[in-house]
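# Inside the fold
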Amino acid sequence: MSEGKPVPHRLITLAFSHYNEKARWALDRYAVPYREEPHMPFVSSLAVAVATRGRGGAADRASSRYSTPVLILNDGRVLTDSTDIVRFAAHRDGSFFPSGEVTELVDHYGDQLGPYTRLLAYWHLGRHSGMIEQLAADNVGRREAWLFKRIVPLAGSQLTRALNLTESGHDRALARLRQELDDAASRLDHRKYLCGDQFTAADLTFAALLAPGLCLTPEEGFGAILPDRASLDDEAQALIREVRTHPAGQFALRVYAEERRRVLP
Ligand SMILES: N[C@@H](CCC(=O)N[C@@H](CS)C(=O)NCC(=O)O)C(=O)O
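Everything quoted here is computed from the prediction, not taken from an experiment. (Residues numbered from 1 in each chain as written. Predicted model: local features only at pLDDT ≥ 70, side-chain atom pairs only at ≥ 80, totals over all residues. Heavy atoms only, no water.)

### Observations regarding the pattern of salt bridges
Tallied over the entire structure, the rule returns 12 salt bridges. Of the charged contacts, one joins E37 and R10 as a salt bridge, the two residues approaching to 2.6 Å between their closest N and O atoms. Linking E37 in strand β2 (residues 34–39) with R10 in strand β1 (residues 9–14), this pair joins segments that are 27 residues apart in sequence. A residue is classified by how much of its surface remains accessible, and R10, at 35% relative accessible area, is partly exposed. A salt bridge links E258 to R254; its shortest N-O distance comes to 3.5 Å. (Salt bridge = Lys/Arg side-chain N within 4 Å of Asp/Glu carboxyl O. Helix = DSSP H or I, 4+ residues; strand = E, 2+ residues; numbered from the N terminus. Buried < 20%, exposed > 50% of the residue type's maximum accessible area, 1.4 Å probe, protein only.)

Encoded structure:
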């Protein structure tokens, strides 16, 4: 009897989120069969609660226990953290997590870079009327986009509280983002990738978690739809320009161009 196609795993996402992009990228890279179930904020947490029968995962510095991505494996196991999903996808590739240095950087970017770029993205999103509704229309099903439109005012005030979207929160995130960019650039001074001569989980994590600052497009490899750069105000465009022209931003763009669509056997 011939073996059928493997049953795809279920990937529950907050569609446009960079942690989710990190998981998607690793699953795509290692040709892991999966079906994405894309959601908007809050609906994603509800979807995680339903899919995990209320259990969720573990809360961490960056998220609650109902955060995404969540991968429901076709054998019933559940992975509730983006790094666990990357490790699962890359388990046959010993060169992807080759050292403690790579693991430390992956954790560092998850704890630091991810929250800074997220805060800045939501900060600017909140200053563009109608944009989050457009993100819903572009990234999730029609019914959820319709529903989300009705809870936008509630979602906005919850996000403001949960992410500390204040002037001082913004200034701190911007300063920290600049520091992360400079630190990455100095690592890249004499090497091709963040930890040496080969592309590792640290590079994937850095590029994916920087994606909101680069405002990447699907043509550039991003696995969801971010706002159209041309429709952003001057301040947001200036930030994206700054990130894109920084040597570390240039590195992330290069890594997207060279590695995001690469599929390993
Ligand atoms: N440690 C988590 C962080 C993921 C994370 O922060 N996910 C956000 C999307 S940007 C989320 O779903 N937040 C909703 C929540 O925390 O309830 C991971 O790397 O998987």
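### Thoughts on the sheet that holds strand β4 (residues 78–79)
Strand order in the open sheet formed by four strands is β2-β1-β3-β4, and the pairing between neighbours is mixed. The sheet is open, and its two borders are formed by β2 and β4, each paired with just one other strand. Each of β1, β2 and β3 (70–72) is contacted by helix α1 (residues 18–29), which is oriented at about 150° to β1, the strand it contacts most. (Pairing = 2+ DSSP bridges. Contact = heavy atoms within 4.5 Å. Axes fitted to C-alpha atoms, helices over the stretch in contact; angles between N-to-C directions.)

### Points about the nonpolar core
Ranked by internal contacts, the top residues of the largest apolar core, which has 84 residues, are F96, F206 and L210. Looking at which element gives the most residues to this core, the answer is helix α9 (residues 201–214), with 10 residues. When residues of this core are sorted by domain, at least three fall in each of domain 1 (9–89) and domain 2 (100–259). If sequence neighbours within four positions are ignored, F96 has contacts with R29, Y30, V86, A90, V102, F199, T200, A201 and L204. In this structure, I12, A47, V48 and V70 belong to the second largest nonpolar core, which totals six residues. (Core = buried A, V, L, I, M, F, W, Y, C linked by side-chain atoms within 4.5 Å. Domains from an automatic or database assignment.)

### Comments concerning the packing of aromatic side chains
Within the structure shown, the criterion is met by 10 aromatic pairs. Here the aromatic rings of Y109 and F206 are separated by 5.1 Å at their centres, their planes lie at 55°, and the arrangement is tilted. Remark: F206 occurs in helix α9 and Y109 occurs in helix α4 (residues 100–111); sequence separation between them is 97 residues. F206 gets classed as buried once you look at its relative accessible area, which sits at 0%. A ring pair is formed by F206 and F251, whose centres lie 6.3 Å apart and whose planes are at 40°; its orientation type is tilted. Here F206 is found in helix α9, whereas its partner F251 is found in helix α11 (residues 247–259), with 45 residues between them in sequence. Put simply, the rings of W25, Y30, F96, F97, Y109, Y193, F199, F206, F251 and Y256 touch in pairs and so form one group of aromatic residues. (Phe/Tyr/Trp six-rings, centres within 6.5 Å; stacked < 30°, edge-to-face > 60°.)

### Topic: the site of the ligand
The immediate surroundings of the ligand are formed by 14 residues, with D60, S64, T68, S82 and R118 found nearest. At 2.4 Å, a side-chain N or O of D60 approaches a nitrogen atom of the ligand. Contact between the ligand and A62: an oxygen atom at 3.4 Å from a main-chain N or O atom of the residue. Burial of the ligand by the protein amounts to 87% of the accessible area it has alone, namely 510 Å². (Near = heavy atom within 4 Å. Polar contact = N/O pair within 3.5 Å; in protein donor to acceptor, adjacent residues only side chain to side chain. Areas by Shrake-Rupley, 256 points an atom, 1.4 Å probe, with all protein chains shown as cover.)

### What about the side chain of T117?
Note on placement: T117 falls in helix α5 (residues 113–125). Of note is the side chain of T117, whose polar atom sits 2.8 Å from the backbone oxygen of L209. Setting aside chain neighbours within four positions, we find T117 in contact with H18, L177, L209, L210 and P212.

### Quick word on the domain arrangement of the chain
Structurally, the chain comprises domain 1 (9–89) and domain 2 (100–259). For domain 1 and domain 2, the distance between their C-alpha centroids amounts to 18 Å. Counting residues at the interface gives 22 residues for domain 1, matched by 37 residues for domain 2. Interface area for domain 1 against domain 2, summed over the two sides, is near 2,600 Å², with a carbon-plus-sulfur share of 67%. Looking at the side of domain 1 facing domain 2, the largest losses of area belong to F16, H18 and W25, adding up to 28% of the total buried there. The interface formed by domain 1 and domain 2 includes one salt bridge. Note that E259 and R29 form a salt bridge whose closest N and O atoms lie 2.9 Å from each other. At the junction of domain 1 with domain 2, the criterion picks out 11 residue pairs in polar contact (both at pLDDT 80 or more). If you list the elements that add at least two residues to the side of domain 1 that touches domain 2, you get α1, β2 and α3 (82–89). Among the elements that line the side of domain 1 that touches domain 2, the one with the most residues is α1, at eight residues. Here the residues of the side of domain 1 that touches domain 2 sort into 13 nonpolar, three polar and six charged. (Buried area = accessible area lost by both parts, 1.4 Å probe. Nonpolar A, V, L, I, M, F, W, Y, C, P; charged D, E, K, R; others polar.)

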